[in-house]
Amino acid sequence: MTSTPVRIALVGAGRIGAAHAETLARRVPDAHLVAVVDPRPGAAASVATPLGARGETEVDAVLGAADVDAVVVAASSVAHRDLVVAAADAGKHVFCEKPAGMSLTEIDEARRATAAAGVVFQVGFNRRFAREFAQARDLVASGGLGEVRQLRSLTRDPGRGPSDPDGVPPWTIFTQTLIHDFDTLNFLNPGARAVDVVATADSLLSPGHATLLDHATVVVRYSNGAIGTAEASFAAVYGYDVRGEVLGSEGMVTMGEGASSSLRVHGESGRTASTAHSDTELLRDAYTDELAELCAAVREGRPPAVGGDEAFAAFAVAQACIDSVTTGGRAAVATSVPQED
């Protein structure tokens, strides 16, 4: 175990990358942000310089750097597998935003590479670090709700939907949005695994669009008999909405309501509450705690709370949803990498 701060390079200076950079530099005492990497001219420096870090345009500049212990991957999802493997090959610990790859094969390759290198591999499922979700999990695990019977998780993105429907990659609602909900359902049902799914999805914002799916509802059956539902919408005009629920034989627990504070205003129009309008606003503490967990795992020489196996399990549900929508029926959830014909 080491007591020195973990020296971190962040790859990707987009929206979530910039948020992670600020969190690492200002909210995680055990982290030292060394560098930000982004190939776009000026992008890395614009994020790094105000935070006292250096900007780089090539990832090799930090993978080969002696002053970098760990890499936080916040680049485009299509690059996640390659960046995780490259970091592992360089002996760097890795935090990777979800999903850890764009297929079960890619995620398996990422977890194998990090295991072979003996480095920490953490995946960004932030709801596990949201206090109420963690408390709900502890209640379920302790038997406080009895037998788990039904679960629910939902994500509704703020606004009126994507400005460019053609710019949304196919299956995004499952692989990028609901992936959080699939992990949440798995997290809230400890000891059980997802068996199969039935998924329904459509474009309600751009009816008839060839590839856009902007609303979805998924039913997941679990090995312990529990039934889970996951819902997503790309257009919640009232704000960013994340909620969960577990019904057991001895009670129920709910979590999340989208409110940014406990303040309520009572007036002629009724009772109103201020709601969060982004994930980094609503889940600010969760984002902080998940990066603090990366530093703790590195310093203590232990596996992180959520890693490659959890990433694989969540993506397996996403892939089953794609299979379900494609075939119009129930689809099995894979437990290993499917064999090619």
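Just above, that's the structure.
Residues numbered from 1 in each chain as written. Predicted model: local features only at pLDDT ≥ 70, side-chain atom pairs only at ≥ 80, totals over all residues. Heavy atoms only, no water.

**Structural notes on the overall build of the protein**
On a plain count of helices and strands, the protein comes out with 10 helices and 15 strands. Overall, the C-alpha framework of the protein stretches about 60 × 50 × 45 Å when taken along its three principal axes. In the protein, which comprises 341 residues, the share counted as buried stands at 49%. When the accessible surface of the protein is totalled, it reaches about 15,200 Å², and 49% of it is carbon and sulfur. Positive and negative side-chain charges of the protein, numbering 28 and 43 respectively, have mean locations separated by a distance of 4 Å. (Helix = DSSP H or I, 4+ residues; strand = E, 2+ residues; numbered from the N terminus. Buried < 20%, exposed > 50% of the residue type's maximum accessible area, 1.4 Å probe, protein only. Areas by Shrake-Rupley, 256 points an atom, 1.4 Å probe, with all protein chains shown as cover. Lys, Arg positive; Asp, Glu negative; His and termini not counted. Charge placed at Lys NZ, Arg CZ, Asp CG, Glu CD.)

**Digging into the side chain of His 80**
Here His 80 is to be found in helix 4 (residues 80-89). Among the polar contacts made by the side chain of His 80, one reaches the main-chain carbonyl oxygen of Pro 99 at a distance of 2.5 Å. Sequence-distant contacts of His 80, defined by excluding residues within four places in its chain, comprise Val 73, Ala 75, Cys 96, Glu 97, Lys 98, Pro 99, Ala 100 and Gly 101. (Polar contact = N/O pair within 3.5 Å; in protein donor to acceptor, adjacent residues only side chain to side chain. Contact = heavy atoms within 4.5 Å.)

**Quick look at the sheet that holds strand 4 (residues 70-73)**
Taking strand neighbours across the sheet as the criterion, the six strands line up as 3-2-1-4-5-6 in an open arrangement whose pairing is parallel. Looking at strand neighbours, the two that pair on one side only are strand 3 (54-56) and strand 6 (121-124), the edges of this open sheet. Strand-to-strand twist across the sheet, computed as the mean angle between neighbouring axes with direction ignored, equals 25 degrees. Here strand 2 (residues 31-37) runs beside strand 3; their pairing, made up of three bridges, is parallel. When the sheet's bridge partners are listed, Val 37 is paired in strand 3 with Glu 56. Strand contacts of helix 4: strand 1 (6-11), strand 4, strand 5 (93-97) and strand 6, with the helix running at about 170 degrees to strand 5, the strand carrying the most contacts. (Pairing = 2+ DSSP bridges. Axes fitted to C-alpha atoms, helices over the stretch in contact; angles between N-to-C directions.)

**Some thoughts on helix 4**
For helix 4, the set of buried residues is His 80, Leu 83, Val 84, Val 85, Ala 87 and Ala 88. For helix 4, the secondary structure elements touched by its buried residues are strand 1, helix 3 (60-63), strand 4, strand 5, helix 5 (104-117) and strand 6. One or two residues past the end of helix 4 sits Gly 91, with phi positive at roughly 80 degrees.

**A closer look at the packing of aromatic side chains**
A ring pair, where both rings are aromatic, is described by two values, the distance of the centres and the angle of the planes. Counted under the stated rule, the structure contains one aromatic pair. A ring pair is formed by Trp 171 and Phe 174, whose centres lie 6.3 Å apart and whose planes are at 25 degrees; its orientation type is stacked. Among the residues examined, Trp 171 registers a relative accessible area of 28% and is labelled partly exposed. (Phe/Tyr/Trp six-rings, centres within 6.5 Å; stacked < 30°, edge-to-face > 60°.)

**Brief notes about a nonpolar patch on the surface**
A grouping of Val 198, Val 219 and Ile 227 is seen on the molecular surface, where their side chains present a nonpolar patch of about 180 Å² in accessible area. Among the secondary structure elements, Val 198 is positioned in strand 8 (residues 194-202). (Patch = residues over 30% accessible without salt bridge, like charges linked within 9 Å, V, L, I, M, F, W, Y side chains within 5 Å. Salt bridge = Lys/Arg side-chain N within 4 Å of Asp/Glu carboxyl O.)

**Considering the environment of Tyr 238**
Here Tyr 238 shows up in the loop between strand 10 (227-236) and strand 11 (241-248). Note on Tyr 238: relative accessible area 39%, which makes it partly exposed. For the pair Tyr 238 and Gly 258, spaced 20 residues apart in the sequence, the C-alpha separation amounts to 9.1 Å.

**Quick look at unusual backbone geometry**
Lys 98 connects to Pro 99 through a cis peptide bond whose omega is -15 degrees. Relative to the helices and strands, Pro 99 resides in the loop between strand 5 and helix 5. Of note in this structure, Trp 171 is not a glycine but carries a positive phi near 70 degrees. Turning to its location among the elements, Trp 171 is positioned in the loop between strand 7 (148-158) and helix 7 (172-187).

**Here's the deal with the nonpolar core**
In terms of nonpolar packing, the biggest core is built from 79 residues, with Phe 174, Leu 178, Phe 182 and Val 218 touching the most fellow members. With 10 residues, the top contributor of residues to this core is helix 10 (residues 308-327). The contact partners of Phe 174, leaving out residues within four places of it in the chain, are Ile 179, Phe 182, Ala 199, Ala 201, Leu 213, Ala 216, Val 218, Ala 318, Cys 321, Ile 322 and Val 325. Judged by nonpolar contacts, the second largest core, of 25 residues, contains Ala 13, Leu 51, Leu 294 and Val 298. (Core = buried A, V, L, I, M, F, W, Y, C linked by side-chain atoms within 4.5 Å.)

**Section: the pattern of salt bridges**
Where charged atoms from two side chains of opposite charge approach closely, those side chains can pair. This model, assessed by the stated rule, comprises 23 salt bridges. A salt bridge links Arg 54 to Asp 67; its shortest N-O distance comes to 2.9 Å. With Arg 54 in strand 3 and Asp 67 in the loop between helix 3 and strand 4, this pair connects stretches of sequence that are 13 residues apart. On the basis of relative accessible area, Arg 54 is assigned to the partly exposed category, the value being 29%. Of the residues examined, Asp 67 reaches a relative accessible area of 27% and is grouped as partly exposed.

**Re the packing of helix 5 against helix 10**
Two numbers describe how helix 5 lies on helix 10: the axes approach to 9 Å, and their chain directions differ by 175 degrees. Taken together, the axis directions place helix 5 and helix 10 in an arrangement best described as roughly antiparallel. Contacts between helix 5 and helix 10 involve Leu 104, Ile 107, Asp 108 and Arg 111 on the former and, on the latter, Gly 308, Asp 309, Ala 311, Phe 312, Phe 315 and Ala 316. Residues belonging to the contact of helix 5 with helix 10 are distributed by class as follows: six nonpolar, one polar and three charged. (Parallel < 35°, antiparallel > 145°, perpendicular 65-115°, else oblique. Nonpolar A, V, L, I, M, F, W, Y, C, P; charged D, E, K, R; others polar.)

**Focus: the pairing of strand 11**
Two strands pair when backbone bridges link them, and strand 7 and strand 11 are joined in this way by eight bridges, in the antiparallel orientation. Counted as the bridge partner of Arg 152 is Glu 245 from strand 11. When strand 11 meets strand 12 (residues 251-255), the two strands line up antiparallel, connected through five bridges. Of the residues in strand 12, the one forming a bridge with Val 246 is Val 253. Taking the residues that link successive antiparallel strands as the turn, the strand 11-strand 12 hairpin has two residues.

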